[in-house]
Amino acid sequence: VRRRASERTALNNSAYEPLCVESVARRLGGIPEITNLIGGSAGWHVTEVGDGNLNLVFIVTGEGHGVVVKQALPYVRAAGESWPLSLSRAFFEHHALTRLGNRAPDRLPQLYLFDQTQALQIIELLTPHVILRKKLIAGEFLPRLSTDLGIYLARSLFRGSDLCMSTTQLKGDVALFLGNTELAGITEDLFFTDPFCERSRNRHTPALAAEAAAVRRDRELKIAALELKTCFSTVRQTLLHGDLHTGSVMACHSDTRIIDAEFATYGPIGFDLGSLLGNLWLAYYAQPAHRATVEDCATYGAWILDVVAEVWSVFAAEFSRLWRTERNGILGGKELFEFQADAGGAEVVLQSTLRGIWQDTLSFAGIEMLRRILGFAHVADFESIADETERATCEREALTAGRQLAVYRQSLASVAEANALVAGQGIRR
Ligand code: SR1
Ligand code: MG
């Protein structure tokens, strides 16, 4: 049974104030949710570890184990105070994490406390987990990764949808998460508009200037981007994590957890899948710069492609199982099929549903790959490549594949075909 996070004001109703390393013990030292776990604040050790674009993240360790303290800032951390951002994202993240954790048991950290005034959450410290992106840069093999991610995706996405939820539950949650307007707006702009226009916040490796300009002239690609923006903005299929890149996953040899759900919104099922697969493919393209030998690069690159294939196949198998066993929501449709002794009809709909999710997945993956190279928010897989020529070479390959995934999504019927394209054997139009 998951413990429900306390929802109260941890800091005596004081006005919002960002924490710093020096103030954490003084300001949080009286909170039993922390002291019961890690002892009194006299023995605390505090470090700030946030390396994302938005928030403060502290690791607080004491006599016992430790906790993570995550606090929203009233602006985009990576941009500074010139890009204000409301603190309400902590509220939406808390409600999303609660729901995703219930839908996909054991795949999220424990939530200990949420303080809305301080836009602050106290969360389980996962050890020995490390951010997945760092593991992929380091070249670590993770035997649980694909199964854990496939199961997480199927359970969270199926159980948050109208396939599973009643009208009352679902409409209430759609209304709740529609309030997360600022973060949905960031995704709409950063994914689907910025990479295809001149924008002062865009940047790219200098040697890619011609490629960036070509993207802005590419009518076929821009049509795909606008179609996908329409899909993201108007389709309300399920509660998405909303930012499921490899920096939102913490992994170790035996476990995988999902973190950082402040971009949660109702949207198309393929969006979370596409964000994740797109980032795995970006990791693949960065490998030549990170592995010591051609053989290591080939072996690890093949492993990443295997992870992609298994994430999809585990997702599809678990989604199909849930379809057969938990399809009791608004769009379950059992009255039309099973209740009229036509289970085969439901299987036909399952297959067409999976085909639609697959096409969305591919195209969202492609857009994610483009925006991480041409837009505002880049990825450490490439940013950590010091040699700009080498970085440009890796990024150029990823741009080519990203475009093809976005534009030719209907030509790639299977994950094997998509992986073949990524590995350089696919469509070249
Ligand atoms: C302004 S926020 C930029 C990016 O960081 C987050 O992790 C999301 O990916 C967002 O698009
Ligand atoms: Mg994040």
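To be clear, the structure that these remarks concern was listed above.
Residues numbered from 1 in each chain as written. Chains lettered and ligands numbered in written order. Predicted model: local features only at pLDDT ≥ 70, side-chain atom pairs only at ≥ 80, totals over all residues. Heavy atoms only, no water.

Draft legend 1. The arrangement of the site of ligand 1 in detail. Within the structure, ligand 1 sits among Asn53, Leu54, Val76, Trp83, Leu190, Asp243, His245, Phe263, Arg371, Arg372, Phe376 and Ala377. In the environment of ligand 1, an oxygen atom lies 2.7 Å from a nitrogen or oxygen atom belonging to the side chain of Asn53. Within the side chain of Arg372, one N or O atom sits 3.2 Å away from an oxygen atom of ligand 1. For ligand 1, the accessible surface in isolation is 310 Å², of which the surrounding protein chains cover 96%. Looking at the shell around ligand 1 residue by residue, the class counts come to 7 nonpolar, 2 polar and 3 charged. (Near = heavy atom within 4 Å. Polar contact = N/O pair within 3.5 Å; in protein donor to acceptor, adjacent residues only side chain to side chain. Areas by Shrake-Rupley, 256 points an atom, 1.4 Å probe, with all protein chains shown as cover. Nonpolar A, V, L, I, M, F, W, Y, C, P; charged D, E, K, R; others polar.)

Draft legend 2. Representation of the side chain of Arg89 in the model. If you trace the backbone, Arg89 turns up in helix H3 (residues 89-103). Only 3.2 Å separates the side chain of Arg89 from the side chain of Asn55, close enough to count as a polar contact. Each residue touching Arg89, except ones within four places of it in the same chain, is listed here: Leu54, Asn55, Ala72, Leu73, Tyr75, Leu183 and Glu262. (Helix = DSSP H or I, 4+ residues; strand = E, 2+ residues; numbered from the N terminus. Contact = heavy atoms within 4.5 Å.)

Draft legend 3. Highlighting the sheet that holds strand S11 (residues 249-252). One open sheet accounts for 3 strands, arranged S9-S11-S12; its pairing is antiparallel. For this open sheet the edge positions go to strand S9 (130-131) and strand S12 (255-258), each flanked by a neighbour on one side alone. With 4 bridges joining them, S11 and S12 adopt antiparallel strand pairing. Across the sheet, the residue bridging to Met250 is Arg257, located in S12. (Pairing = 2+ DSSP bridges.)

Draft legend 4. View of the pattern of salt bridges. Following the criterion strictly, the structure yields 31 salt bridges and no others. As a salt-bridge pair, Glu48 and Arg77 come within 2.9 Å of each other at their nearest N and O atoms. Of this pair, Glu48 sits in strand S2 (residues 45-48) while Arg77 sits in the loop between strand S5 (75-76) and strand S6 (80-84), and the two are 29 residues apart along the sequence. Residue class for Arg77 comes out partly exposed when judged on its relative accessible area of 29%. Here Arg107 ties to Asp255 by a salt bridge, and the two come within 2.6 Å at their closest N and O atoms. With Arg107 in the loop between H3 and strand S7 (111-115) and Asp255 in strand S12, the pair connects residues that are 148 residues apart, well separated along the chain. One continuous salt-bridge network, built from bridges that share partners, spans Arg107, Glu124, Arg144, Asp148, Asp255 and Arg257. (Salt bridge = Lys/Arg side-chain N within 4 Å of Asp/Glu carboxyl O. Buried < 20%, exposed > 50% of the residue type's maximum accessible area, 1.4 Å probe, protein only.)

Draft legend 5. Up close: the packing of helix H9 (residues 219-234) against helix H14 (residues 388-407). One way to put it is that H9 packs onto H14 with a least axis distance of 9 Å and a crossing angle of 60°. When the axes of H9 and H14 are compared, the pair comes out oblique. When the axes of H9 and H14 are compared, the crossing they make is left-handed. Judged by residue contacts, Glu220, Leu221 and Ala224 of H9 engage Arg403, Ala406 and Val407 from H14. Residue classes in the contact of H9 with H14 are distributed as 4 nonpolar, no polar and 2 charged. (Axes fitted to C-alpha atoms, helices over the stretch in contact; angles between N-to-C directions. Parallel < 35°, antiparallel > 145°, perpendicular 65-115°, else oblique. Left-handed = near helix turned anticlockwise from the far one by under 90°.)

Draft legend 6. Focus on the packing of aromatic side chains. Enumeration over the complete set of coordinates arrives at 18 aromatic pairs. Look at Phe92 and Phe177: their rings are 6.4 Å apart centre to centre, the planes differ by 50°, and that puts the pair in the tilted class. Here the residue Phe92 occupies a position in helix H3, and Phe177 occupies one in helix H6 (residues 167-178), the gap between them amounting to 85 residues. There is no split in this pair, since Phe92 and Phe177 are both buried. When the centroid spacing of 5.2 Å and the interplanar angle of 75° are considered together, the rings of Phe141 and Tyr300 count as edge-to-face. One end of the pair, Phe141, is in the loop between helix H4 (132-138) and helix H5 (145-159); the other, Tyr300, is in helix H11 (residues 294-325), with 159 residues separating them in the sequence. For Tyr300, a relative accessible area of 1% puts it in the buried group. Linked through ring pairs, Phe158, Trp312, Phe315, Phe319, Trp323 and Trp358 together constitute an aromatic cluster. Above the plane of the ring of Tyr300 lies Arg291, whose end atom (NZ or CZ) is 5.4 Å from the centre. (Phe/Tyr/Trp six-rings, centres within 6.5 Å; stacked < 30°, edge-to-face > 60°. Lys NZ or Arg CZ within 6 Å of the ring centre and 35° of its normal.)

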